[in-house]
Amino acid sequence: MWEYSDKVKEHFKNPKNVGSIENADAIGEAGALSCGDKLKLYLKIEDNIIKEAKFQTFGCGSAVAASSVLTEMLIGKTINEARKITNKQIAQELDGLPPEKMHCSVMGREALEDALKNYTGEDWSELEQEENESPIICHCFGVSEKDIIDSIINKGAKTLDDVSKLTSAALACGRCRENIEKIIKKYTKKDPSVLSPAQKIIKINSVIETVINPELEKDFGGIELIDVKNNNVIVKLKGHCSTCQNAKLTLKNFVETKLKELVDNELIVSEE
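Here is what the cut-offs are and how they apply
Residues numbered from 1 in each chain as written. Predicted model: local features only at pLDDT ≥ 70, side-chain atom pairs only at ≥ 80, totals over all residues. Heavy atoms only, no water. Helix = DSSP H or I, 4+ residues; strand = E, 2+ residues; numbered from the N terminus. Polar contact = N/O pair within 3.5 Å; in protein donor to acceptor, adjacent residues only side chain to side chain. Contact = heavy atoms within 4.5 Å. Pairing = 2+ DSSP bridges. Axes fitted to C-alpha atoms, helices over the stretch in contact; angles between N-to-C directions. Disulfide = S-S within 2.5 Å. Buried < 20%, exposed > 50% of the residue type's maximum accessible area, 1.4 Å probe, protein only. Core = buried A, V, L, I, M, F, W, Y, C linked by side-chain atoms within 4.5 Å. Salt bridge = Lys/Arg side-chain N within 4 Å of Asp/Glu carboxyl O. Parallel < 35°, antiparallel > 145°, perpendicular 65-115°, else oblique. Left-handed = near helix turned anticlockwise from the far one by under 90°.

**Q** In this structure, what is going on with the side chain of Asn-87? I would like to understand it.
**A** Mapped onto the elements, Asn-87 comes out in helix H4 (residues 87–93). At a separation of 3.3 Å, a polar atom in the side chain of Asn-87 contacts the side chain of Ser-105. At 2.8 Å, the side chain of Asn-87 and the backbone oxygen of Cys-140 are in polar contact. In this structure Asn-87 touches Met-102, Ser-105, Val-106, Arg-109, His-139 and Cys-140, once residues within four positions along its chain are discounted.

Given below as structure tokens:
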């Protein structure tokens, strides 16, 4: 049996802003009755401020609660502030949702995206993807393609279950499973010791960002990957590292050693 917070129970028993808005400035829809949940969101907007928000939903208690709390979160916000609301924030406002019910918060977010697109004519989800660079694969838990690739290349994930344990992806609605399987197939080779050129670059950059840079930043330094040509890794030192007298030692004794250890023993590091 799932555990629900007091806020979820309260919003289910006494939902706020139920109904429709006559002559609404924006209407968004998400879900489908064939799947069991459907949400329709109405917004009244004046001077770029959301003055009123109402909803109509058909679904479980979590769907009602997520829709109810979303309308409260929206009222008083600008369009730009509203578009930054994530499904995780909706769940947090309810003091959490069971993993199996996170899709209810996603439905709220999708209805909001649809309403904003309806109002502005812009696809906010595409703009958001450009800002985040790496597309979100699991919307329930905000897991990006980059996160999934990292779990495969750097953490040894070989199956969907492995990826789920490492990232929480696919633990809720499951709509992302097929896409995750495709990523696993793309980045998993029969011989894990052999990396394609693209995989090698991704792994080198991941090691730099997750292992090397955190250490250099302790001394107010840093490093940036510039290019990879065969086994030659070209980098640029930043911050304190760029002026340090021991820069060459840092490159050879730390950066190159780590990359040899975690990526390929044949790698040679040089500065731009």
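Now that the structure is up, let's keep going.
**Q** Any chance you could explain the environment of Lys-218 here in plain terms?
**A** Topologically, Lys-218 is positioned in the loop between helix H10 (197–217) and strand E6 (221–229). Residues Lys-218 and Gly-61, 157 residues apart in the sequence, show an inter-C-alpha distance of 47 Å.

**Q** Quick question: what am I supposed to make of the sheet that holds strand E7 (residues 232–239) here?
**A** In sheet architecture, strand pairing relies on hydrogen bonds along the backbone and comes in two forms, parallel and antiparallel. Read across the sheet, three strands follow the order E6-E7-E8 without closing on themselves; strand pairing throughout is mixed. The strands lining the two open edges of the sheet, one partner per strand, are E6 and strand E8 (268–271). The sheet shows a mean angle of 35° between the axes of neighbouring strands, taken without regard to direction. In terms of strand pairing, E6 meets E7 through eight bridges, oriented antiparallel. By the bridge assignment, Glu-224 is partnered in E7 with Lys-236. Its contacts with the sheet put H10 on E6 and E7, and the angle it makes with E6 is roughly 165°. Across the sheet, helix H12 (residues 247–262) is in contact with E6, E7 and E8; its angle to E8 comes to roughly 145°.

**Q** What exactly am I supposed to notice about the state of the cysteines here?
**A** Note on terminology: disulfide describes a covalent bond linking the sulfur atoms of two cysteines. Per the stated rule, a full pass over the model turns up zero disulfides. The thiol sulfur of Cys-104 is not disulfide-bonded, and the nearest other cysteine sulfur, from Cys-60, lies at 3.7 Å. Cys-104 gets classed as buried once you look at its relative accessible area, which sits at 1%. Cys-176 takes part in no disulfide bond, and the closest cysteine sulfur to it belongs to Cys-138, at a distance of 4.0 Å. Taking the relative accessible area as the measure of exposure, Cys-176 reaches 6% and is therefore buried.

**Q** Before we go on, may I ask you to explain the nonpolar core in this structure?
**A** Taken as a class, soluble globular proteins show a tendency for nonpolar side chains to be buried jointly. Of all hydrophobic cores here, the largest spans 53 residues; its most connected members are Leu-41, Leu-43, Leu-74, Ile-148, Ile-152, Val-163 and Ile-180. Counting residues in each nonpolar core, the second largest holds 19 residues, with Ile-204, Val-228, Val-235 and Val-255 among its members.

**Q** Explain the pairing of E7 here, please?
**A** A regular strand places its side chains on the two faces of the sheet in alternate fashion. Here E6 hands over to E7 after two residues, with Asn-230 in that stretch at a positive phi of 60°. With four bridges connecting them, E7 and E8 associate as parallel partners. Note on E8: the bridge partner recorded for Asn-232 is Ile-268.

**Q** What's the story with the pattern of salt bridges in this structure? I'm lost.
**A** Between side chains of opposite charge, a pair can form as their charged atoms come close. With the rule as written, the count across this model stands at 10 salt bridges. When the shortest N-O distance is used, the salt bridge between Lys-155 and Asp-150 registers 3.4 Å. Of the residues examined, Asp-150 reaches a relative accessible area of 18% and is grouped as buried. Where Glu-261 meets Lys-258, a salt bridge forms, and the shortest distance between an N and an O atom there is 3.8 Å.

**Q** I keep staring at the packing of helix H7 (residues 145–153) against helix H9 (residues 177–187) and nothing clicks. Help me out?
**A** Two packed helices can be described by the angle between their axes and the distance between those axes. For the pair H7 and H9, the least separation of the axes is 10 Å and the interaxial angle reads 45°. Put simply, H7 runs oblique to H9. Considering the relative orientation of H7 and H9, their crossing is right-handed. Contacts from Glu-145, Ile-148, Ile-149, Ile-152 and Ile-153 of H7 reach H9 at Ile-180, Ile-183, Ile-184 and Tyr-187.

**Q** What's the story with the environment of Ile-149 in this structure? I'm lost.
**A** Structurally, the position occupied by Ile-149 is in helix H7. Residue classification places Ile-149 among the buried residues on the basis of a relative accessible area of 9%. In sequence terms Ile-149 and Glu-271 are 122 residues apart; their C-alpha atoms lie 27 Å from each other. Those residues within four positions of Ile-149 in sequence are excluded, and the remaining contacts are Asn-154, Ile-183, Tyr-187 and Ile-202.

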